[in-house]
Each structure stands twice: as structure tokens, then as C-alpha cells.
Amino acid sequence: QVQLVESGGGLVQAGGSLRLSCAASGSIWSVNAMGWYRQAPGKQRELVATITRGGSTNYADSVKGRFTISRDNAKNTVYLQMNSLKPEDTAVYYCNLDQTPRVYWGQGTQVTVSS
């Protein structure tokens, strides 16, 4: 019933910036939080950043100070502004929506940072 549509991924040089967007549509109610996760080749999926409906944020230590998560609750959209990108940030980035008791995932968008 809920669909997540991501955009903004691509190829960027080290030190550059990208802005990811994720818009949720469908039967949406009681959204607890939205966020971004990523999975690099050969590694487990890891949390990047989350934001609650009230605005509380949480970041992985590896991206703190470089990435900023924000949201538009009226549009059920979450953004991830990524600055000072490093090759280590290369991964597939997944949008996440927590609607207790269910969790929804987007298809993922590729972010590649060249050195």
C-alpha cells in the first residue's frame, strides 16, 4: 500500500555534493520516522540517518557533520544532503519509512564517489 520513490543518486567526484529525495505515497498514517540506509559492496546494510516526525535526528558517526537529513511531513518526503563526499560513501542508498508495526523500503539509488 505504501510506495517509496527515490531520486538524486549518481556519480560525483570526491569532495562534491549530492541531494537525495524520497517521496512516500499510498496509505500512510502514524509515520514514526523516515530515514536513509546504505549498503556498500561486500558489507551489511547500515544506518546513515533517521528523522522522526517531531524532528529528532540521528546520524552514523561516519557521516556526522557532512550529511544532513530533513523532511517535509506534509509531503511525506525525506531528503539527504550529502556534502564533502568520500569514495567510502559509495553504496546503494535505501529510503526507509517506519510505520509501526510495518517498515517499508525503497528500491535503492546508486551513489558513486570517484577518487
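What you see is a predicted model; the values in this text were computed from it and never measured.

Colleague: Even after reading the chapter, I still don't get the side chain of Asp89, so can you show me in this structure?
Modeller: Tracing the sequence through the fold places Asp89 in the loop between strand S8 (77–82) and strand S9 (91–99). Those residues in contact with Asp89 that sit more than four places away from it in its chain are Arg38, Arg66, Phe67, Ser84, Val111 and Val113.

Colleague: Just checking my understanding: could you explain the sheet that holds strand S3 (residues 18–26) for this structure?
Modeller: Across a sheet, strands are paired by hydrogen bonds formed along the backbone, either parallel or antiparallel in direction. If you trace the four strands from one edge of the open sheet to the other, you get S1-S3-S8-S7, paired in antiparallel fashion. Edge positions in the open sheet fall to strand S1 (2–7) and strand S7 (67–72), since each of these has one partner strand only. Between one strand and the next, the sheet's axes are offset by a mean angle of 15°, whatever the strand orientation. Inspection of the sheet shows S3 paired to S8 by six bridges, in the antiparallel sense.

Colleague: How do you make sense of the packing of aromatic side chains when you look at a structure like this?
Modeller: Aromatic ring pairs are reported here in terms of the distance separating the ring centres and the angle at which the planes meet. Applying the stated criterion to the full structure yields one aromatic pair. Geometrically, the ring pair formed by Tyr37 and Trp105 is edge-to-face, given 5.1 Å between the ring centres and 70° between the ring planes. In this pair, Tyr37 is assigned in strand S4 (residues 33–39) and Trp105 in strand S10 (residues 102–105), connecting sequence segments 68 residues apart. The exposure class of Trp105 is partly exposed, given its relative accessible area of 38%. Cation over ring: Arg19 sits above Tyr79, and NZ or CZ is 4.1 Å from the ring centre. The ring of Trp105 carries Arg45 above its face, with NZ or CZ at 4.6 Å from the centroid.

Definitions and limits used
Residues numbered from 1 in each chain as written. Predicted model: local features only at pLDDT ≥ 70, side-chain atom pairs only at ≥ 80, totals over all residues. Heavy atoms only, no water. Helix = DSSP H or I, 4+ residues; strand = E, 2+ residues; numbered from the N terminus. Contact = heavy atoms within 4.5 Å. Pairing = 2+ DSSP bridges. Axes fitted to C-alpha atoms, helices over the stretch in contact; angles between N-to-C directions. Phe/Tyr/Trp six-rings, centres within 6.5 Å; stacked < 30°, edge-to-face > 60°. Buried < 20%, exposed > 50% of the residue type's maximum accessible area, 1.4 Å probe, protein only. Lys NZ or Arg CZ within 6 Å of the ring centre and 35° of its normal.

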